[in-house]
Each structure stands twice: as C-alpha cells, then as structure tokens.
Amino acid sequence: MKLAVLGLGNMGSALAHCLLKAGHDVSVWNRTSEKAEVFAEAGATICSSPDDAVAVSDFVIICIKGHKETVELVNGLSVALKGKTICDMSTGDTSDADRVVAILERQGAGYMLGMINAYPSGIGGDETTILTVGSAGTWDRYGSIIKELGGKSARVGEKPAALAALFAGLFTVRQGFMFGMIYGALVCQKAGIPMQVYADQLPATIKLVNDYHDLFARTVPTEDYDNAEASLKVYALAQEDALKTFQSVNAPAEFIRLMHDRTRAAWNEGYGDKQLTSLVQHMADT
Ligand SMILES: NC(=O)c1ccc[n+]([C@@H]2O[C@H](COP(=O)([O-])OP(=O)(O)OC[C@H]3O[C@@H](n4cnc5c(N)ncnc54)[C@H](OP(=O)(O)O)[C@@H]3O)[C@@H](O)[C@H]2O)c1
C-alpha cells in the first residue's frame, strides 16, 4: 500500500515521520519545498507537486492550514482521484468539512476526515486519539494506519457533523467542570471562604468525578437507570439546598438552578427513583 502526506508543517512532519518509522512507502509534498527535502534521508519519495504525490499513492493524508486550503488544493489537482482515499487531518468548521467531502465524492475518491487530539510529539503514541469520519469501508482498509498514528484512534461516524458533535459533547464536559469550579468559587467567596481553602478542597471532590463517570458509563449506554444507590430525587433535594445557599449569599445561582430545575422536572414526571443519569433520557424526550 502506498501512502502520501501532503503538508509538512509541525503536524504533517510528525505524521510522515511516524509512517516512515513504521516502514511504510511514503511520498511527501510541501508547498515550501525545503520542508520536504529533509525527508529524503528518512526514506520518503520527495514530490515536487501534490499531483505527483497523489498519482503514486492509494491513501493520501492532507495536513495543511485548514479545510479551506484543502478544498483549494484538491480543486487544483489534475490527477484522477477515483479509487484513492483522501484523509484530511487539517482542521476547520463543519461547512468547510462538508465541502471537502463533497468535492472528493464528486471526483470518485473515498474520504476520511480526522480530528487529531494531540500535539505533534504525541503522534505514534499508544494513548493518542485521532477521531475520524468516513465510510466503514475506508476505515476497514485504512483504520490500521490511523491507529499507528494514534493507538486509541476510532471512527466515530460517516459525516463531518459527527466530529463536530463529538467535539461539542466532550468540550461541554470539560467546560461544565470548569464552570462548576467557577460558580463554586463564587458561593464560597460570598460566604467569606478564602479561595486557597476552596482550591485545596477541590481534589477530594474531584475524586468523586471518577465515580460519576463509572455511573454514567454503566447506565447511559445500556439505558438501565433502575436500582439507584443515590436516586434522582435525593440529588434534586441536595440541589435545592445548594440553590438556597447560593441565593442566601447573593452568589450567581443560574448554574445550580438549571441543574435543579431539570432534575425537579424529571422527578415530577416519574423519574424520582431512577439514576440521576436518566436525565439523558428525560431531557431527550422533552
Ligand atoms: N500542531 C498541533 O498541535 C495540531 C494539533 C491538532 C491538529 N492540528 C492541525 O494540523 C494542521 C497543520 O497544523 P501544523 O501545526 O502542522 O501547522 P504549521 O506548522 O503552521 O504548518 C502549516 C502547513 O500548512 C501548509 N499550508 C498552509 N497554507 C497552505 C496552502 N494554501 N496550500 C498548501 N499548503 C498550505 C504549510 O505549508 P508551507 O510550509 O509552505 O507554509 C505547512 O505545511 C492544522 O489544520 C492544525 O489545526 C495541529
């Protein structure tokens, strides 16, 4: 199988080095040719145009500034793309990603888009993830190569919107945690608790986040929300207490109120004895 890497900036270089190190037959191209020349020593075929690199390759990884530039690059190719698979690992918004997919499909190429969740130094690592979209067939053929670039890589769907949704979902988890600390700081500050005391107490509560994850992973994928160790109504009552505390010290209460209102609404509709995570089901249905 012949591979190509187009774009040898920090990330493209890391991808190309990793594939060469794994013993693949790799052609490389970069707009500024000096960056490509250094790959001769590592055994790559240096190409003077993207057409030359694509012509000799089955699977082409593009890693340049963004999807917009990928569209221009692919538009400028004169070589036939039918039967080849192009994987764009450049970043960009969903509409540009849709454009990349549309142009590749029009030209009869298989497509894959990859979201790299690592710095260049992480490429080739066992724990590194590159999340991809594309057909199941392209993943069957080339997924093993993506896994050489990042051991925990996975295909998450067919269309670019799947990558955007997964980013939004995971970002919401991190931001929810950050905003929890921010709002928590405010209620403590208003009550006169030094921020150092608050910061020092965080690790103990963060430990419980692992238990939250265990509960989530055990219940949401299976939709098994029965036999709760701590039921949704218990959480609703604790949230009510916390909400009253926020209000009593005049701290911004909208975050805890949102949690409470959602939980209370589910309780009112018969979810009181279920797991708190049953909110995923309740909120999806409302
Ligand atoms: N670095 C990271 O940690 C990281 C992590 C995840 C994802 N990414 C993504 O990977 C992509 C590349 O990032 P990078 O860190 O490698 O950036 P970089 O070091 O700045 O390199 C940019 C690359 O894009 C090429 N390029 C820019 N405009 C182009 C155009 N119009 N036509 C053809 N080639 C063009 C550059 O070519 P020249 O050498 O000729 O300028 C260079 O090879 C970006 O989409 C980035 O978001 C990067």
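- Per an unreviewed UniProt entry, the recorded name for the protein chain is 2-hydroxy-3-oxopropionate reductase, and the organism is Roseovarius aestuarii.

**Thoughts on the pairing of strand 2 (residues 25-29)**
So, point 1. Among the 5 residues that make up strand 2, 4 are buried, leaving the element largely enclosed by the rest of the structure.
So, point 2. Alignment of strand 1 (residues 2-6) against strand 2, held across 5 bridges, turns out to be parallel. Counted as the bridge partner of Leu 6 is Trp 29 from strand 2.
So, point 3. Where the polypeptide runs from strand 1 across helix 1 (residues 10-21) and back to strand 2, its parallel neighbour, the crossover connection is right-handed.
So, point 4. Across 2 bridges, strand 2 lies against strand 3 (residues 45-46) in parallel orientation. Bridge pairing links Val 28 to Ile 46 in strand 3.

**Structural notes on the state of the cysteines**
By definition, a disulfide links the sulfur atoms of two cysteines through a covalent bond.
So, point 1. Tallying each qualifying case throughout the model produces 0 disulfides.
So, point 2. Not part of a disulfide, Cys 63 finds its nearest cysteine sulfur in Cys 87, a span of 9.3 Å.
So, point 3. Under the relative-accessibility criterion, Cys 63 is labelled buried at 10%.

**Digging into the site of the ligand**
So, point 1. Around the ligand sit 20 residues in total, of which Met 11, Asn 30, Thr 32, Lys 35 and Thr 91 are the nearest.
So, point 2. Between the ligand and Gly 9, the relevant distance is 3.2 Å, taken from an oxygen atom to a main-chain nitrogen or oxygen of the residue.
So, point 3. The fraction of the free accessible surface of the ligand (900 Å²) that becomes covered by protein chains is 75%.
So, point 4. Among the detected pockets, the ligand sits in the second largest pocket.
So, point 5. When residues of the shell around the ligand are assigned to their parent elements, the largest contribution, 3 residues, is made by helix 1.
So, point 6. Across the shell around the ligand, the residue classes tally to 8 nonpolar, 8 polar and 4 charged.

**Remarks on the nonpolar core**
So, point 1. Counting residues in hydrophobic clusters, the biggest one holds 29 residues, and the most contacted among them are Leu 15, Val 28, Phe 59, Met 89 and Leu 149.
So, point 2. Every element with two or more residues in this core is listed here: strand 1, helix 1, strand 2, strand 4 (59-62), strand 6 (110-116) and helix 6 (136-149).
So, point 3. By residue number, the principal contributor to this core is helix 1, which donates 7 residues.
So, point 4. Of all hydrophobic cores here, the second largest spans 26 residues; its members include Leu 6, Ala 97, Met 115 and Leu 131.

**Some thoughts on the sheet that holds strand 7 (residues 130-134)**
So, point 1. The mixed open sheet is built from 8 strands, whose spatial order is 3-2-1-4-5-6-7-8. Every interior strand has two partners, whereas the edge strands, strand 3 and strand 8 (154-157), have only one.
So, point 2. Strand direction decides the pairing type here: strand 7 and strand 8, joined by 3 bridges, are parallel. By the bridge assignment, Leu 131 is partnered in strand 8 with Ala 154.
So, point 3. Of the strands in this sheet, strand 5 (85-88) and strand 6 are in contact with helix 5 (residues 94-106), which crosses strand 6 at around 155°.

**Quick look at helix 7 (residues 160-190)**
So, point 1. Helix length check: helix 7 (31 residues) gives 44 Å between terminal C-alpha atoms against 45 Å at 1.5 Å per residue, within 8%.
So, point 2. What helix 7 keeps buried is the set Pro 160, Leu 163, Tyr 183, Gly 184, Ala 185, Val 187 and Cys 188.
So, point 3. Phi for Gly 192, located one or two positions after helix 7, is positive at around 85°.

**Considering the UniProt feature "domain: 6-phosphogluconate dehydrogenase NADP-binding" (unreviewed entry) in the protein chain**
So, point 1. Taking the numbering used here, the UniProt-annotated feature "domain: 6-phosphogluconate dehydrogenase NADP-binding" (unreviewed entry) corresponds to residues 2-153.
So, point 2. Helix makes up 38% of residues 2-153 and strand 21%, whereas the separation of the span's terminal C-alpha atoms amounts to 21 Å.

**As for helix 10 (residues 254-271)**
So, point 1. For helix 10, the set of buried residues is Ile 256, His 260, Thr 263, Ala 266 and Tyr 271. Along the axis of helix 10, the buried positions cluster into a sector of 130°, meaning they face one direction only. Residues Asn 268 and Glu 269 are exposed on helix 10 and point more than 90 degrees away from its buried face.
So, point 2. For helix 10, the secondary structure elements touched by its buried residues are helix 9 (232-248) and helix 11 (279-285).

The rules we used
Residues numbered from 1 in each chain as written. Predicted model: local features only at pLDDT ≥ 70, side-chain atom pairs only at ≥ 80, totals over all residues. Heavy atoms only, no water. Buried < 20%, exposed > 50% of the residue type's maximum accessible area, 1.4 Å probe, protein only. Helix = DSSP H or I, 4+ residues; strand = E, 2+ residues; numbered from the N terminus. Pairing = 2+ DSSP bridges. Right-handed = clockwise from strand over helix to strand, strands pointing away. Disulfide = S-S within 2.5 Å. Near = heavy atom within 4 Å. Polar contact = N/O pair within 3.5 Å; in protein donor to acceptor, adjacent residues only side chain to side chain. Areas by Shrake-Rupley, 256 points an atom, 1.4 Å probe, with all protein chains shown as cover. 1 Å grid on protein atoms, 1.4 Å probe; cavity = no way out; pocket = protein on both sides within 12 Å on 5 of 7 lines; lining within 4 Å. Sits in = over half its atoms within 2 Å of the grid points. Nonpolar A, V, L, I, M, F, W, Y, C, P; charged D, E, K, R; others polar. Core = buried A, V, L, I, M, F, W, Y, C linked by side-chain atoms within 4.5 Å. Contact = heavy atoms within 4.5 Å. Axes fitted to C-alpha atoms, helices over the stretch in contact; angles between N-to-C directions. Expected span 1.5 Å × (residues − 1). UniProt positions renumbered as here; feature names shortened; annotations may be inferred. Arc of directions from axis to C-beta.

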